[in-house]
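# Structural overview
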Amino acid sequence: RLERLQRVVTKLQMESGLCEEQLNQADALLQADVRLLAAGKAPQKAAEVERDLDKADAMIRVLFNDVQSLKDGRHPQGEVYRLHERLVSIRTEYNLRLKSGAPVTTITAVSTASGQRRPEPDEAPLRYLQELLAWVEENQRRVASAEWGADLPTVETHLGAHRGLHRAIEEFRTKVERARADEVRPSGCWGPPCPWAWQGETPGVCSPLASLQNSSKSRLRHLESLHGFVSAATKELLWLSEREEEEVAFDWSHHNPAMAAKKESYS
């Protein structure tokens with residue numbers, strides 16, 4: 001069983017490296033296009049970025065199958081989650097800056113109950129906002145239902161995995177703030193300053209994202225506190241175990257010349 005799990009781990013590490021290279025390539029192309037946009041030029045690599053992201057997405061789906069095998073075998077894992085969060089982060093910047101970063105074109109108008117007409121957001125960016133909201137809600141559920149661990153190895157595993165998730169959430173929020181600062185809005189976006197806080201009945205993303213960030217910070221703080229406690233408790237348990245071994249191995253016969261020192265120690 002351990003040999004089988006180790007083969008899965010080796011495969012996971014190799015394919016994770018390839019996926020990392022794919023994401024690096026997509027990010028490099030994306031940043032090149034972002035610089036072109038900042039210079040007032042049209043992006044050149046959008047199709048390649050999207051193709052690379054789709055490839056990385058497919059690779060991560062396969063990797064998650066291996067992760068499930070490791071989970072079923074109670075083997076520590078978490079590297080693929082970091083890759084997945086990075087994929088989401090790059091795709092978010094791609095959608096915000098390239099797909100939705102073009103100047104606003106004609107906005108469809110719809111009549112309101114009062115007879116006035118207001119702009120209606122395009123279907124594509126609206127669907128994208130809903131996907132972002134789904135990502136936030138899914139990670140909120142992950143944070144809320146995550147386990148804590150009952151011993152030092154499992155607590156360390158959960159702490160490491162959540163640190164990766166928390167970094168991804170922080171990066172996600174940073175990209176939102178940067179998009180807001182650059183005044184990058186989805187085509188047809190209107191309303192409050194936050195690029196995702198749509199008016200009407202469409203749910204905004206900024207408020208749930210802030211809630212997710214707070215929940216993640218709280219879990220990270222509690223995990224670090226738990227890790228400190230369990231680390232200290234483990235040291236005490238190891239000390240007790242060593243003392244127990246000494247007592248079991250001690251020669252308790254009256255012929256032992258160290259008996260007097262033992263009595264003194266006990267007193």
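Residues numbered from 1 in each chain as written. Predicted model: local features only at pLDDT ≥ 70, side-chain atom pairs only at ≥ 80, totals over all residues. Heavy atoms only, no water.

With an unreviewed UniProt entry as reference, the chain is termed PLEC protein, source organism Formicarius rufipectus.

Helix and strand content of the chain: 7 helices and 2 strands. Out of the 267 residues in the chain, the part that is buried amounts to 34%. For the chain, contacts bridging at least 24 residues in sequence account for 70% of all contacts bridging at least 6. (Helix = DSSP H or I, 4+ residues; strand = E, 2+ residues; numbered from the N terminus. Buried < 20%, exposed > 50% of the residue type's maximum accessible area, 1.4 Å probe, protein only. Contact = heavy atoms within 4.5 Å.)

Among the surface-exposed residues, Leu 237, Trp 239 and Leu 240 lie close enough to one another that they form a single nonpolar patch of about 340 Å² accessible area. Along the chain, Leu 240 falls in helix H6 (residues 206–249). (Patch = residues over 30% accessible without salt bridge, like charges linked within 9 Å, V, L, I, M, F, W, Y side chains within 5 Å. Areas by Shrake-Rupley, 256 points an atom, 1.4 Å probe, with all protein chains shown as cover. Salt bridge = Lys/Arg side-chain N within 4 Å of Asp/Glu carboxyl O.)

A few words on the nonpolar core. Counting 18 residues, the largest nonpolar core has Cys 19, Leu 23, Leu 30 and Leu 53 as its most contacted members. Where this core is concerned, the elements lending two or more residues are helix H1 (2–38), helix H2 (46–72) and helix H3 (79–99). Looking at this core, the element that brings in the most residues is H1, giving 7 residues. Residue contacts for Leu 30: discarding those within four places in its chain leaves Val 49, Ile 90, Glu 93, Tyr 94 and Leu 98. Of all hydrophobic cores here, the second largest spans 11 residues; its members include Val 88, Leu 165, Val 176 and Leu 209. (Core = buried A, V, L, I, M, F, W, Y, C linked by side-chain atoms within 4.5 Å.)

Over its 37 residues, H1 runs 52 Å from end to end, which matches the ideal 54 Å to within 8%, given 1.5 Å per residue. Backbone geometry just after H1 places Gly 40 at a positive phi near 80°. (Expected span 1.5 Å × (residues − 1).)

Glancing now at the confidence of the model for the chain. Residue-level pLDDT values for the chain average 75, and 71% of them are 70 or greater. The lowest-confidence element of the chain is strand E1 (residues 108–111), averaging 40 in pLDDT; the highest-confidence one is H6, averaging 92. Low confidence marks residues 102–121, where pLDDT is under 50. Its contacts with residues over four positions away, or in another chain, come to 24 contacts. Within the model, pLDDT remains below 50 along residues 183–203, and this stretch shows 55 contacts once partners closer than five positions in the same chain are excluded. (pLDDT = per-residue confidence, 0-100.)

Turning next to the pattern of salt bridges. Evaluated as defined, the whole model comprises 7 salt bridges. A salt bridge links Glu 15 to Lys 11; the nearest nitrogen and oxygen atoms lie 3.3 Å apart. Of this pair, Glu 15 and Lys 11 both sit in helix H1, 4 residues apart, which is roughly one turn of that helix. Because the salt bridges share partners, they merge into one network encompassing Glu 242, Arg 243 and Glu 246.

On to the packing of aromatic side chains, then. Two numbers describe a pair of aromatic rings. These are the distance of the centres and the angle of the planes. On inspection of all chains with the given rule, the structure shows 2 aromatic pairs. Measuring from ring centre to ring centre gives 5.0 Å for Phe 250 and Trp 252, while their planes differ by 70°; the resulting arrangement is edge-to-face. Ring geometry for Trp 252 and Tyr 266: centres 6.1 Å apart, planes at 85°, overall edge-to-face. Here Trp 252 is found in the loop between H6 and helix H7 (259–266), whereas its partner Tyr 266 is found in helix H7, with 14 residues between them in sequence. Of the residues examined, Trp 252 reaches a relative accessible area of 43% and is grouped as partly exposed. Over the aromatic face of Trp 148 sits the side chain of Arg 219, whose NZ or CZ is 4.6 Å from the ring centroid. In this arrangement the basic side chain of Lys 262 is found over the ring face of Phe 250, its NZ or CZ atom lying 4.6 Å from the centre. (Phe/Tyr/Trp six-rings, centres within 6.5 Å; stacked < 30°, edge-to-face > 60°. Lys NZ or Arg CZ within 6 Å of the ring centre and 35° of its normal.)

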